[in-house]
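Residue-level structural notes
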Amino acid sequence: MAPKVLMVAEKPSIALSIASALSGGQMSSRRGSTEVHEFDGTFLGFSAQYKVTSVIGHVFSVDFPAAYQNWTATDPLDLFDAPIVKSESNPKAHICRHLSQEARGCGHLVLWLDCDREGENICFEVMECTGFHAKDGKRVYRARFSSVTEKDILKAMNNLVEPNKNEALAVDARQEIDLKVGVSFTRFQTSYFNGKYGNLDSRVISYGPCQTPTLGFCVQRHLQIITFKPEKFWKLHPYILHRGYELKLEWNRNRLFDSDVTEMFRNLIKEDGILKVIAISEKQESKSRPAGLNTVNLLKVASSALGFGPQLAMQLAERLYTQGFISYPRTESTAYPSSFDFRGTLRALDNNPEWQEYVQKLLADGYVKPRSGNDAGDHPPITPMRSATQEMLGHDAWKLYQYVCQHFLGTLSPDSKYTRVKIEFAVAGELFHCIGHRVTVKGFTSIMPWLAVSEKSLPQFAEGEKIEISRIEVDEGNTQPPDYLTESELISLMEKNGIGTDASIPVHINNICERNYVQCIDPDLCLPDIRSFIEQQITLVAKGQADHSLVVEHVIKQFKRKFSYFVKQIENMDALFEAEFSPLSDSGRLLSKCGKCLRYMRYISTQPSRLYCGTCEEIYYIPQKGTIKLYKELTCPLDNFELLIFSMPGPEGKSFPLCPYCYNSPPFEGIETLFGAAKTGSTVEPGKGAGMPCFLCPHPTCQHSMISQGVCACPECNGTLELDPVSAPKWRLYCNMCNCLVFLPEGAHRISTTRDHCPECDSTIIEVDFNKKTTPLKDGGTLHVGCVLCDELLHSLVVMKHGKSFSRHRGRGRGRGRGRRGGRGRGSRKQEDPKMSFHGF
DNA sequence: GCAAGGTC
């Protein structure tokens, strides 16, 4: 009995094409999980019984075992070291059982899977199902083909090779890495944010090494747009009437960013009023015909010119391919193999009325060899394989097919050539010009008319000729931010960065469309390199240069470390989410202008309370548990942020100014104590709600700093007593370290610090402007200047309030070593002087 | 409820 040969394709339509080609249409077909086509023929010189069937893409996909499927019971971190299992992608289809049954009694297996890495991996899935890998006497062959045409199929049949294990292993590696990284991050961040915000769709907040960088491209452009600062500009355009033409001239300066200067030029030109032709030049230019068409370029044209999204475009292309109208539509190459049969392909299009004339002209006059292009080593560029009409294909598929044909004919056509004429003019020392185009050779633009150079004819000019200006126009405009990424630009970026494959790019774009951006904790996770890194690692496996398990282990270890860091930093992401998703709830009021973008920031009252600058996408924490308001409209001299006044709760709660930026990023080194920091904590990093208010700021001249507002040493601790600037009329000093309070003369109009110091105790001299009616001054005057400790009048009016500890520690304050380094600013040089205390208290 | 890669 003749030996039986089982052949397996990647999808049913290809199995049908292969069987038809090899049997000359003389086969019998029966249904199964997928159709099986049977016929007799010869195999390797012997007569054989053929069975051709197919899988439906991958037979298996990887997942975690059942024990890891519970989201709450499994720590996502454990997923990195979890085992993975392969199970059937589509259990209901019973593909594995089908293959196993069909393989029974077959001595040869021919693998007709698509010729890419994934196809190679599916080869091994098929071998596993059929039990072909290990059995003696059973032979496995790989058919390599790049279009489903009879010619290519027969050629592949006569050049059978072996499947490539390393390429398959590279795909195994990718599957494991993508699964572990994607699922762990997705589960963690989804669980963390689940139900946290009313208007955040938190059912799934996914992360993936392809989808996230894709989203990142869009977000990056979004940020460029919202931070764009438009600038006004002006352009001068003189007009002339010349030999029946009205011409608008372009300024050699193009545009100016100063309206006065533009006006000055306009006046100069108007006064003169006569243009002189100073140069006439002609240049031959050419526009190149396209290189061969690859998938990405097809998707771009489909999106920008045909209005088909990538998803639809690929479906249409896929159908055209399986029906034999075009070659394999997934290719990176734009270069044709040297053996490519251009003449044959042209002849195949010859009978099509759509471009019959054009094709016949190319065949008769001789076609141009296509541009060299890029040979990615995969499949030839996408080309038409046979003629079709709109009736055969339907509207959309026809449009795409039509483009493939036009592009192909374009690649074999001459470049387009045109003459560029430039006339240059001078007036009042300024230069202007106009440009005309005269097409001399249409070339490929006859078949791709949308790429044609537009004709613009100019009247005759003579050098030295003088022409009167009919009017001058001043065009005013604004510089424009870049546009949002077009789908076509996004595809280019993905292609350039190796994100997704030609088949999966459309899927990723679809996936991110409805998801919200997350500001990354670890930018690496959103950057395009993440995919190239994985690709580069698994390519080592594909080429047999590295061991599969070692590569997987190495990559997983790196991602596991990133994951741990991500978990630690998740609160930063939360802060941004809160700002984004509940800005209008209870307390999203605008407060304080950002010093960087000069736009109002938003105050988020829920703890930890903070400011959020929507433009800069920055969070600024503020002190917790108190009230916050704008401090007049004062700004920080260091960073231009608007200052705030924070008031601690209760009648004795101190109030103090702070700069949102300095509070979070203290501008001076050596700030050991931060306001709001845990007393025991050894950290000096500003954290949520802890930071440097103005009362800790050592700025030497800012009127709000510790240096300016500090009055004297605190009797209770190492801190400095500073003037509470908003405590009128109950003026007071408060300690910048403890809760010590000192009440100053009540009812004063104004109390402020001066730049002078008490010669006796080095305290800051204060200036008091008493109320006219209640002034204690004997002469009835209101202004008094003195030291709060040494001036008898002031001293008598001062009341210290510090609860129990004041009486308990009474008298002990004197002579204590206070005044930590710089604690009183200017007083530090005498910090051990016993007079620098509240003697007499 | 998760990834990305096939194909339906």
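All residue numbers refer to positions counted from 1 along the written sequence of the respective chain. Chain letters start at A and ligand numbers start at 1, both assigned in the order the entries are written. The predicted nature of this model means local features are confined to residues of pLDDT at least 70 and side-chain atom pairs, given and counted, to a pLDDT of 80 or more, with totals for whole chains, interfaces and linings taken over all residues. The basis for the side-chain values is all heavy atoms of the structure; hydrogens and waters are excluded.

Looking at an unreviewed UniProt entry, chain A carries the name DNA topoisomerase, with the source organism given as Olea europaea subsp. europaea. UniProt positions are given in the numbering used here, feature names are shortened, and annotations may be inferred rather than shown by experiment. In its Catalytic activity (unreviewed entry) section, the UniProt entry covering chain A states "ATP-independent breakage of single-stranded DNA, followed by passage and rejoining."

Right, let's talk about the overall build of chain A for a bit. Secondary structure is summarised from DSSP: a helix means a run of H or I of at least four residues, a strand means a run of E of at least two, and numbering begins at the N terminus for each. A tally of regular secondary structure across chain A gives 22 helices and 30 strands. Only protein chains enter the accessibility calculation, which uses a 1.4 Å probe. A residue is then buried if its area is under 20% of the maximum for its type, exposed if over 50%, and partly exposed in between. When burial is assessed residue by residue, chain A has 50% of its 841 residues classed as buried. Within chain A, contacts between residues at least 6 apart in sequence are counted, and of these 65% link residues at least 24 apart. Per-residue accessibility takes into account occlusion by the displayed protein chains alone, with areas from the Shrake-Rupley method and a 1.4 Å probe. Total accessible area on chain A is roughly 40,100 Å²; 49% of this is exposed by carbon and sulfur atoms. Here, two residues are considered to be in contact whenever any of their heavy atoms come within 4.5 Å of each other.

Right, let's get into the confidence of the model for chain A. The pLDDT value expresses, per residue, how confident the predictor is, ranging between 0 and 100. Averaged over every residue, the pLDDT of chain A is 85; residues scoring 70 or more account for 90%. Here residues 583–587 scores under 50 on pLDDT; set against residues more than four positions off or in separate chains, the count is 10 contacts. Predicted confidence for residues 803–841 stays below pLDDT 50, and this span has 82 contacts to residues more than four positions away or in other chains.

Ordered in space as E23-E24-E25-E26-E30, the five strands form an open sheet in which the pairing is antiparallel. Where the open sheet ends on each side, the last strands, each with one partner, are strand E23 (710–713) and strand E30 (799–801). Averaged over neighbouring strand pairs, the angle between their axes works out to 25 degrees when direction is ignored. Two strands are said to pair when DSSP picks up at least two bridges between them. In this sheet, strand E24 (residues 720–723) lies alongside E23 in antiparallel orientation, the contact comprising three bridges. The residue of E24 that forms the bridge with Ala713 is Thr720. Note on definitions: angles span 0 to 180 degrees between N-to-C directions of axes, and those axes are lines fitted to C-alpha atoms, for helices only across the stretch in contact.

Our next topic: unusual backbone geometry. Of note, the phi angle at Arg243 is positive, near 45 degrees, even though the residue is not glycine. With relative accessibility at 55%, the residue Arg243 sits in the exposed group. For Ala428, which is not a glycine, the phi torsion comes out positive at approximately 50 degrees. Tracing the backbone through its elements, the reader meets Ala428 in the loop between strand E13 (416–427) and strand E14 (430–441). Owing to a relative accessible area of 31%, Ala428 belongs among the partly exposed residues under this scheme.

Another point: the pattern of salt bridges. By definition here, a salt bridge exists when the distance from a side-chain nitrogen of Lys or Arg to a carboxyl oxygen of Asp or Glu is within 4 Å. All told, the structure shown has 32 salt bridges when counted by the stated rule. Glu535 is paired through a salt bridge with Arg117; the nearest N and O atoms lie 3.6 Å apart. With a gap of 418 residues between them, Glu535 in helix H16 (residues 529–542) and Arg117 in helix H3 (residues 117–130) connect regions that are remote in the sequence. On the basis of relative accessibility, which here comes to 25%, the residue Glu535 falls in the partly exposed class.

Let us now look at a nonpolar patch on the surface. For patch building, the residue pool is restricted to those with more than 30% relative accessible area and no salt bridge; the joining distance is 9 Å between like charges and 5 Å between nonpolar side chains (Val, Leu, Ile, Met, Phe, Trp, Tyr). A cluster of nonpolar residues, Val261, Met264 and Leu268, forms a patch on the protein surface that exposes about 220 Å² of accessible area. The topology assignment puts Met264 in helix H7 (residues 259–272). Residue Met264 is classed as partly exposed on the basis of its relative accessible area, which comes to 42%.

This part takes up the environment of Gly719. Take Gly719: it is sitting in the loop between E23 and E24. Note: C-alpha distance between Gly719 and Cys740 (21 residues apart in sequence) is 9.5 Å. When residues no more than four places from it in sequence are discounted, the contact partners of Gly719 are Ala713, Cys714, Cys735, Asn736 and Met737.

A word on the protein's contact with DNA strand B. In the region of DNA strand B, 39 residues are neighbours, and Glu10, Arg187, Arg330, Ser504 and His508 sit closest. In DNA strand B, atoms within 4 Å of the protein come 65% from sugar and phosphate. The definition of a polar contact used here is a pair of N or O atoms within 3.5 Å, where within protein one atom must be able to donate a hydrogen and the other to accept one, and adjacent residues in sequence count solely through side-chain atom pairs. Measuring from a phosphate oxygen of DNA strand B, one finds a backbone N or O atom of Cys210 at 2.9 Å. The contact in question runs from a phosphate oxygen of DNA strand B to an N or O atom on the side chain of Thr501, over 3.0 Å. Of all the elements in the fold, those that place two or more residues in the surface near DNA strand B are strand E5 (60–63) and helix H5 (165–193). It is H5 that provides the largest number of residues to the surface near DNA strand B, a total of nine residues. Of the residues belonging to the surface near DNA strand B, the class tally is 11 nonpolar, 16 polar and 12 charged. By convention in this text, a residue qualifies as near a molecule or strand provided that one of its non-hydrogen atoms is within 4 Å of it. Ten residue types, Ala, Val, Leu, Ile, Met, Phe, Trp, Tyr, Cys and Pro, are classed as nonpolar, four, Asp, Glu, Lys and Arg, as charged, and the remainder, Gly among them, as polar.

Turning our attention to the packing of aromatic side chains. Stacked, edge-to-face and tilted labels apply to pairs of Phe, Tyr and Trp rings (six-membered ring for Trp) whose centres lie within 6.5 Å, assigned for plane angles under 30 degrees, over 60, and everything in between, in that order. For the structure on display, the rule yields 35 aromatic pairs. Look at Phe64 and Tyr68: their rings are 6.5 Å apart centre to centre, the planes differ by 40 degrees, and that puts the pair in the tilted class. With a relative accessible area of 23%, Tyr68 lands in the partly exposed category. Judged by centre distance (5.4 Å) and plane angle (55 degrees), the rings of Trp112 and Phe145 are tilted. A residue pair is termed long-range when its members are at least 10 positions apart, and Trp112 in strand E7 (residues 108–112) and Phe145 in the loop between strand E8 (139–142) and helix H4 (150–157) qualify at 33 residues.

Now for the sheet that holds strand E28 (residues 764–769). As summarised here, the arrangement of the three strands in space is E27-E28-E29, forming an open sheet in which the pairing is antiparallel. Edge positions in the open sheet fall to strand E27 (750–757) and strand E29 (783–787), since each of these has one partner strand only. Neighbour-to-neighbour, the strand axes of the sheet open up by a mean angle of 25 degrees, direction not taken into account. Where E27 and E28 come together, five bridges link them in antiparallel fashion. Each bridged residue has a counterpart across the sheet, and for Arg750 the counterpart in E28 is Asp769.

On to H7. Under the 1.5 Å per step criterion, the end-to-end length of H7 is 20 Å for 14 residues, consistent within 8% with the ideal 20 Å. For H7, the set of buried residues is Thr262, Phe265, Arg266 and Ile269. Around the axis of H7, the buried residues are gathered within 105 degrees of arc, so they sit on the same side. Away from its buried face, by an angle of more than 90 degrees, H7 presents the exposed residues Asp260 and Glu271. Each element contacted by the buried residues of H7 is listed here: strand E9 (232–242), strand E11 (250–251), E13, E14 and strand E15 (466–478). Of the residues flanking the start of H7, the one acting as N-cap is Asp258, its side-chain oxygen 2.9 Å from the backbone nitrogen of Asp260. Between the first and last residue of a helix there are one fewer steps than residues, each counted as 1.5 Å, and that sum is the expected span. In this description, one arc is meant: the one made by directions from the helix axis to the C-beta atoms.

Relative to the helices and strands, His508 is located in helix H15 (residues 505–512). A relative accessible area of 14% means that His508 is categorised as buried. Those residues in contact with His508 that lie beyond four places of it in its chain are Cys210, Gln211, Thr214, Met494 and Gly500.

All right, on to the packing of helix H10 (residues 342–349) against helix H13 (residues 395–411) then. Direction vectors running N to C along H10 and H13 enclose 135 degrees, while the axes themselves pass 12 Å from each other. Considering the angle they form, H10 stands oblique to H13. Considering the relative orientation of H10 and H13, their crossing is left-handed. Contacts between H10 and H13 involve Phe342, Thr345, Leu346 and Leu349 from the former and Tyr401, Cys405, Phe408 and Leu409 from the latter. Counted by class, the contact of H10 with H13 contains seven nonpolar, one polar and no charged residues. Between 65 and 115 degrees an angle is taken as roughly perpendicular, under 35 as roughly parallel, over 145 as roughly antiparallel, and anywhere else as oblique. Left-handed describes a crossing whose near helix is turned anticlockwise from the far helix through less than a right angle; right-handed describes the clockwise counterpart.

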